[in-house]
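A structural walkthrough
Each chain is listed here by its residues.
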Amino acid sequence: MDKIPSFTVNHLTLLPGVYVSRKDTIGREVLTTFDIRMTAPNREPVMSTGVCHTIEHLIATYLRNDPEWASKDIYWGPMGCRTGFYLILAGDFEPMDIQDILIRSYRFAAEFEGDIPGAHPRDCGNYSDMDLPGAKVACARFLTVLGSLGPETTQYPE
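These numbers were taken from a predicted model, which means no experiment stands behind them.

Further remarks concern the pattern of salt bridges. Scanning all chains against the criterion turns up 9 salt bridges. Of the charged contacts in the structure, one is a salt bridge between Arg104 and Asp100, with a shortest N-O distance of 3.0 Å. On the criterion of helical spacing, the pair formed by Arg104 and Asp100 is a turn pair, its members being 4 residues apart in helix α2 (residues 99-110). Taken together, the shared-partner salt bridges connect Lys23, Asp92 and Glu94 into one network.

Structure (structure tokens):
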């Protein structure tokens, strides 16, 4: 069986950053899947499930309420390896096209106070597995990456 393209990325040298994982055409629409890599795979600790789950709820809520990006947001969710997230957008985009919305989203999460959106038994299948303090730390840390994106953090390593 052939490897899927994401398994061909060199995770030993991959840095935290924002990468185009793939582009698919559905009808006339291009869907861009982004690899939002928050930690260096196999070199830094992965995020706990509570941290990932909290970031998922906060940033999904932010993106789906943003006046410019809500209509383009198809999916925001964690990677199984817990080193980052996938963002799927309707449109043909590159990492620098989404830098501003990511900075705003991560700032929202890093500064969030109050009840986590959707973190209630009626709204979520695992509402109790949340870690707001940890999510805020992880998001604040990733904001430094987002503020200085360049070729090393937007293009997959060979």
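Next comes the rest of the account.
Looking at the secondary structure, you find Leu12 in the segment before β1 (17-26). Using a relative accessible area of 61% as the deciding quantity, one classes Leu12 as exposed. On a C-alpha basis, the gap between Leu12 and Trp69 in space is 33 Å, while along the polypeptide they are 57 residues apart.

Taken together, the 4 strands give an open sheet; going across it, the order is β1-β2-β4-β3, and neighbouring strands pair in antiparallel fashion. The outermost strands of the open sheet, each flanked by one partner alone, are β1 and β3 (73-78). Strand after strand, the sheet turns through a mean of 15° between neighbouring axes, direction not considered. As defined by bridge partners, strand β2 (residues 29-37) adjoins strand β4 (residues 84-90) across 7 bridges and the pair is classed as antiparallel. Along β4, the bridge assignment pairs Leu31 with Ala90.

Let's shift gears to the state of the cysteines. Chemically, a disulfide is nothing more than a covalent bond linking the sulfur atoms of two cysteines. What the rule picks out here adds up to 0 disulfides. With no disulfide of its own, Cys52 lies 8.6 Å from the sulfur of Cys81, the closest cysteine sulfur. Residue Cys52 is classed as buried on the basis of its relative accessible area, which comes to 3%.

With 5 of its 7 residues buried, β4 lies for the most part within the structure. For β3 and β4, the ladder comprises 5 bridges, and the chain directions are antiparallel. What sits directly across from Asp73, in β4, is Leu89. Counting the residues in the hairpin turn of β3 and β4 gives 5 residues, including Arg82, whose phi is positive at 65°.

This part takes up the nonpolar core. Residues Ile36, Ile55, Trp76, Ile98 and Tyr106 are the most contacted members of the largest nonpolar core, which totals 39 residues. Only β2, α1 (49-65), β4, α2 and α3 (132-146) provide two or more residues apiece to this core. Among residues more than four places away in sequence, those in contact with Ile36 are Gly17, Val18, Trp76, Met79, Thr83, Gly84, Phe85, Leu87, Ile98, Leu102, Tyr106 and Phe142.

A positive phi is found at Asn42, a non-glycine position, where the angle reads about 65°. Checked against the element boundaries, Asn42 lands in the loop between β2 and α1. The backbone of Arg82 sits at a positive phi, close to 65°, despite the residue not being glycine. Note that Arg82 resides in the loop between β3 and β4. By relative accessible area, which is 30% here, Arg82 ends up partly exposed.

Thresholds applied
- Residues numbered from 1 in each chain as written.
- Predicted model: local features only at pLDDT ≥ 70, side-chain atom pairs only at ≥ 80, totals over all residues.
- Heavy atoms only, no water.
- Salt bridge = Lys/Arg side-chain N within 4 Å of Asp/Glu carboxyl O.
- Helix = DSSP H or I, 4+ residues; strand = E, 2+ residues; numbered from the N terminus.
- Buried < 20%, exposed > 50% of the residue type's maximum accessible area, 1.4 Å probe, protein only.
- Pairing = 2+ DSSP bridges.
- Axes fitted to C-alpha atoms, helices over the stretch in contact; angles between N-to-C directions.
- Disulfide = S-S within 2.5 Å.
- Core = buried A, V, L, I, M, F, W, Y, C linked by side-chain atoms within 4.5 Å.
- Contact = heavy atoms within 4.5 Å.

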